[in-house]
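# Structural overview for review
Chain by chain, the residues run as shown.
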Amino acid sequence: MFRASLSCWSNYGKVGGGQTVSVMKGGCMWKGIIQHELDHALGFLHEHSRSDRDEHVKIVWEYISPSDRSDFRKFENSNNLDLPYDYSSVMHYGPYTFTNTTGKATIVPIPDESVPIGQRQGLSNLDVAKINKLYNCSRCSTILSAASGTLRSANHPRNYSDNTNCVWLIRTRLRQISLRFQAFELQTTSGCQGDYVKVYDGPSKSSAVLMDKTCGSQIPSVVVSSSNLMLIEFVTDGADTASGFQATFTAVRIQRKSRARN
């Protein structure tokens, strides 16, 4: 059982038939906290409890009281769904969670201590991908692991649906990724605040942006990642729709700068 406080908690996974998820008014009525507890009910552990967590964070046990240490234990045989560690996960504790010494962190990201952890704004893109993968939901978001392939908006070339938020995580082996759009037709709005495609240089929305919100009918330029991970986000509102997009991706060799000879 997960215990964030006396009023915010859930069992891990399904227990019996209908079950209780506690989100009482005393501090639990926030979108991210509710989603956190529901994710526990769906069977998900804390992100910092993954079997590979020691490669990504350091747990500072000296600042955690013995009664709270069970919330930081590592599950050696956790099912990580073959997806990357997610600092942005709604299932990740913040740096000072359950600290027993003011100003001393209990979780420190490595190698970069400044990486933000512990957000409760809502599910990250990788949180969504994990749920879809665990429950075999391919309706919208998916992971693409081949050396090349195609992705498209739902129903393309027919019109896409209203009110969707889809992500494609492309992950190749030891190479960069080149993304080329072949067709592109989205509702045009000011600042692309309605329907848009956005591309990130990494596995989550906290990664650097390769292509900012793009809409309209002009085919975007080729986008190339700096590593073997790229995230494509497709968002639609409740207004007009269009035929959407189709794109191909290919793993390409990393271009290294050659040294000039004297």
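Above this text you will find the structure in question.
If you're wondering where the values come from, they're calculated on a predicted model, not measured in any experiment. (Residues numbered from 1 in each chain as written. Predicted model: local features only at pLDDT ≥ 70, side-chain atom pairs only at ≥ 80, totals over all residues. Heavy atoms only, no water.)

## Describing the nonpolar core
Threshold: In these notes, a set of buried Ala, Val, Leu, Ile, Met, Phe, Trp, Tyr and Cys residues joined through side-chain atoms within 4.5 Å is what counts as a nonpolar core. Partly exposed describes any residue whose relative accessible area lies between the buried limit of under 20% and the exposed limit of over 50%, with all areas from a 1.4 Å probe on protein chains only and scaled to the type maximum. Strands here are runs of E lasting at least two residues and helices are runs of H or I lasting at least four, both read from the DSSP assignment and numbered beginning at the N terminus. The criterion used for residue contact is that any of the two residues' heavy atoms lie within 4.5 Å.
In this structure, Leu-151, Leu-179, Val-197 and Ile-232 are the most contacted members of the largest nonpolar core, which totals 27 residues. The set of elements that each furnish at least two residues to this core consists of strand S8 (165–171), strand S9 (176–185), strand S10 (196–200), strand S13 (229–235) and strand S14 (244–252). Filtering out sequence-adjacent residues up to four positions away, Leu-151 remains in contact with Leu-144, Trp-168, Ile-170, Leu-179, Ile-232, Phe-245, Gln-246, Ala-247 and Phe-249.

## Observations regarding the side chain of Ser-89
What counts here: Pairs of N or O atoms within 3.5 Å make up the polar contacts considered here, provided that, within protein, one atom can donate a hydrogen while the other can accept it, and that residues adjacent in sequence are counted only when both atoms are side-chain atoms.
The topology assignment puts Ser-89 in the loop between strand S4 (57–59) and strand S5 (107–109). Taking the relative accessible area as the measure of exposure, Ser-89 reaches 0% and is therefore buried. Of note is the side chain of Ser-89, whose polar atom sits 2.7 Å from the side chain of Asp-127. Setting aside its immediate chain neighbours within four residues, Ser-89 contacts Glu-47, Gln-119, Arg-120, Ser-124 and Asp-127.

## Regarding the pairing of S13
Rules: For two strands to count as paired, DSSP must find a minimum of two bridges between them.
Counting buried residues in S13 gives seven out of seven residues, a clear majority hidden from the surface. Alternating residues of S13 divide into Leu-229, Leu-231, Glu-233 and Val-235 and Met-230, Ile-232 and Phe-234, and every residue in both groups is buried. Bridge analysis of S8 against S13 gives seven bridges, and the strand direction is antiparallel. Bridge assignment links Asn-165 to a residue of S13, and that residue is Val-235. Pairing of S10 with S13 involves five bridges; the strand directions are antiparallel.

Geometry only, nothing functional implied.
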